[in-house]
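# Coordinate inspection notes
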Amino acid sequence: MSHIASTSQLARNIFSGWATLLVEILVAFVLTPYIIIKLGAATYGIWSLMISVIGYLGLIDIGIRGSVGRYINHYLALKDQRAVSEVVGTSTIILTLLSLLAATLAVILATNFSTIFPKTPAELVDDIRFALPLLAVGLWLSFISSILANLLVAKEALYLANIYNLITLLVRSVATYFVLDAGHGIPALVLVTLGTSLLGIVLVWWSVKRVFVADMPSFLLFNLTRLNEMWRFGLASFAARTSGTLANDSAPIIGMWILGPEAVAIYSVALTLTQNARRVLDQASTAIFPSVMKAGAIKDFPGLRALYLRFMDISFAIASLVFVGLMVFSASFLDLWVGVEYSSGAMVIAILAIGYLMGSTCSTGPASLASLDRINITMWISLGEAIACLILTAALPGLFGLGLAGMALGSTLPRLVSSCALYPWLSIRTLGVELREPLLRGIARNLALTAAVAFGFWCIYALTGPASWPGFAIAVALATILHLVLVGSQYEGLPLIGAVTDRLRRLWQPTKPS
């Protein structure tokens, strides 16, 4: 089926995303201390605050940006090129107008920054008035870049967007190093940010033109019907995302009231690790998204069922490595990374990791519902999750005295209910009863794989007892090899890692001579 990505396309898109993510983490690890040293704590704090302000101004799109990819894929599947142009043109015009509003707000904030934040150093006031409006221009560039990237993703060329993100990240990092080394400050950082954003847009624009050729969409074609579609979908998507963010981020705030800053520090470290691990799985979700949206657009229910089962295997194959690895090795990692005083965070990591791991059960369920214009269902589920998280996160640590474990359970239990019960049930009802039996078999198979991985990882941990970075690296390497062997024994032709696991499979299961 041409509207569903092939194994090679998925692998190319996801591995390129992982490479970009790895470089991004390494750059942040190396460059952040350098920026702090060169700018000084106060100036770096102001720079970070301005970035946060622009991040909040980005909410001004109210979900329009998040609906662009859905409708580009929708109309590509229907082979309606004019509607694709209307989606692109309408979103470009609306996001540009909203960016003008954001820029106006940025100018007002910059002019009154020292009044709003009285502790702003006087010597930085002029820099802020220069930088904040230009950062709002950068927000507009990010809106345009997201539209272009969605066009590439819809053509299964996510890998190109990832490559260009990697190029701009490296150029921005090198430029940041040199301007700071030359003694420049916030104004130079802003110009570097804008310049590299422009470079990224030029590269993606060039690729979009090459991919679409004669079908290149118009960026100036406005249509009120398309706006209404995107607005309706975008508002529901925005509400679902906001509820999800609230569910994840409420625990540290509530924990500050109940348990104090030391507990929040431990929980925040654990949350950072699990959320970064989640980004590894998110790369796979991004790659499968176009196929789901296109299958939903043409009501290809067999295709949606196949995607659900296929992506569940992919998710468990990735999650059993990443999240089981966190559960088993996080105690040693925390001791080596931030010290033994944070070792209690290993329990938090284990609970949060179980929630994310079992989230693989719902597979493409939420995306499938969205592709069939049932986004409101996911919105209400996300809202219910957020409310349940708030109640449990407040009750379990305080009323029941569960401390850090209660905070983690409060964030995890509602997610387990929706991932392991609600979404599979809704998916069967929506996509057809034909999904039930293979889904149950797939869950049983993947849970057996996860149990085998967990046992193997625990044995490696018990035998190596990693107490140093070299020992930790060896233990993780052995665990990764064991994981590949176990996955290879379970599946044949598995997307993403099948090229490796199929070779391993042939080594211990040679083809019998005819």
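That block above? That's the structure.
The shown structure was predicted, so the numbers you read here are calculated from the model rather than taken from an experiment.

Cut-off values and rules
- Residues numbered from 1 in each chain as written.
- Predicted model: local features only at pLDDT ≥ 70, side-chain atom pairs only at ≥ 80, totals over all residues.
- Heavy atoms only, no water.
- Phe/Tyr/Trp six-rings, centres within 6.5 Å; stacked < 30°, edge-to-face > 60°.
- Helix = DSSP H or I, 4+ residues; strand = E, 2+ residues; numbered from the N terminus.
- Buried < 20%, exposed > 50% of the residue type's maximum accessible area, 1.4 Å probe, protein only.
- Lys NZ or Arg CZ within 6 Å of the ring centre and 35° of its normal.
- Contact = heavy atoms within 4.5 Å.
- 1 Å grid on protein atoms, 1.4 Å probe; cavity = no way out; pocket = protein on both sides within 12 Å on 5 of 7 lines; lining within 4 Å.
- Points joined across faces, edges and corners; volume = space filled by probe spheres on them.
- Nonpolar A, V, L, I, M, F, W, Y, C, P; charged D, E, K, R; others polar.
- Expected span 1.5 Å × (residues − 1).
- Salt bridge = Lys/Arg side-chain N within 4 Å of Asp/Glu carboxyl O.
- Patch = residues over 30% accessible without salt bridge, like charges linked within 9 Å, V, L, I, M, F, W, Y side chains within 5 Å.
- Areas by Shrake-Rupley, 256 points an atom, 1.4 Å probe, with all protein chains shown as cover.
- Arc of directions from axis to C-beta.

To continue, consider the packing of aromatic side chains. Enumeration over the complete set of coordinates arrives at 15 aromatic pairs. A ring pair is formed by Phe333 and Trp337, whose centres lie 5.4 Å apart and whose planes are at 35°; its orientation type is tilted. Of this pair, Phe333 and Trp337 both sit in helix α11 (residues 301-337), 4 residues apart, which is roughly one turn of that helix. Here Phe333 falls in the partly exposed class, since its relative accessible area comes to 21%. Judged by its relative accessible area of 40%, Trp337 is partly exposed. Grouped by ring-pair contacts, the aromatic residues Phe329, Phe333, Trp337, Phe457, Tyr461, Trp469 and Phe472 constitute a single cluster. If you follow Lys155 out to its NZ or CZ, it ends over the ring of Phe212, 5.0 Å from the centre. Note that Arg415 overlies the ring of Tyr356, its terminal NZ or CZ placed 4.6 Å from the centroid.

This part is about the side chain of Ser332. Within the secondary structure, Ser332 sits in helix α11. In this structure Ser332 touches Tyr461, Pro466 and Phe472, once residues within four positions along its chain are discounted.

By volume, the second largest pocket amounts to about 1300 Å³. Lining the second largest pocket are 33 residues, and of these Leu22, Ile25, Ala277, Val280 and Val322 lie nearest its centre. Only α1 (7-39), α10 (261-297), α11 and α17 (469-490) provide two or more residues apiece to the lining of the second largest pocket. Of the residues contributing to the lining of the second largest pocket, the split by class is 25 nonpolar, 6 polar and 2 charged.

Within the secondary structure layout, Ile428 lies in helix α15 (residues 403-431). According to the relative accessible area criterion, Ile428 is buried, its value standing at 14%. Each C-alpha atom, one on Ile428 and one on Val328, is 34 Å from the other, the two residues being 100 residues apart in sequence. Every residue in contact with Ile428, bar those within four places of it in the chain, is listed here: Val433, Leu435, Arg436 and Leu439.

With 24 residues, helix α7 (residues 158-181) should cover 34 Å at 1.5 Å per step; its first-to-last C-alpha distance of 34 Å lies within 8% of that length. Taken together, the buried positions of α7 are occupied by Leu158, Leu160, Ala161, Asn162, Tyr164, Thr168, Leu169, Ser173, Thr176, Val179 and Leu180. In this fold, the buried residues of α7 make contact with α1, α6 (125-154), α8 (186-212) and α10. Just downstream of α7, Gly183 is the residue with a positive phi angle, here 95°.

As enumerated under the stated definition, the model contains 10 salt bridges in all. As a salt-bridge pair, Glu229 and Arg226 come within 3.0 Å of each other at their nearest N and O atoms. Here Glu229 and its partner Arg226 are both found in helix α9 (residues 224-258), 3 residues apart, which amounts to about one turn of the helix. Of the two residues examined, Glu229 and Arg226, each falls in the buried class. Note that Arg278 is salt-bridged to Asp282, the shortest N-O span being 3.2 Å. A residue pair is termed a helical-turn pair when its members lie 3 or 4 positions apart in one helix, as Arg278 and Asp282 do in helix α10 at 4 residues. Residue classification places Arg278 among the partly exposed residues on the basis of a relative accessible area of 26%. Asp282 sits in the partly exposed class, given a relative accessible area of 30%. What you see here is one network of salt bridges that share partners, running through Arg82, Glu86, Arg226 and Glu229.

Our focus in this paragraph is a nonpolar patch on the surface. Judged by side-chain polarity, Phe29, Val30, Trp337 and Trp469 come together as a nonpolar surface patch covering roughly 480 Å² of accessible area. Topologically, Val30 is positioned in helix α1. Accessibility expressed as a relative area gives 59% for Val30, which makes it exposed.

Okay, unusual backbone geometry next. Of note in this structure, Val213 is not a glycine but carries a positive phi near 50°. Turning to its location among the elements, Val213 is positioned in the loop between α8 and α9. Backbone geometry at Ser363 places phi at a positive 45°, although glycine is not the residue there. Inspection of the secondary structure assignment puts Ser363 in the loop between α12 (345-358) and α13 (365-371).

Moving on: helix α2 (residues 41-57). The end-to-end C-alpha distance of α2, which contains 17 residues, comes to 24 Å, matching closely the 24 Å that a straight helix rising 1.5 Å per residue would cover. If you check which residues of α2 are buried, you get Thr43, Ile46, Trp47, Met50, Val53, Ile54 and Leu57. Angular distribution of buried residues about the axis of α2 spans 120°; they occupy a single face of the element. In α2, the exposed residues that point more than 90 degrees away from the buried face are Ala41 and Tyr56. Buried positions along α2 lie against α1, α4 (81-111), α5 (113-116), α6 and α8.

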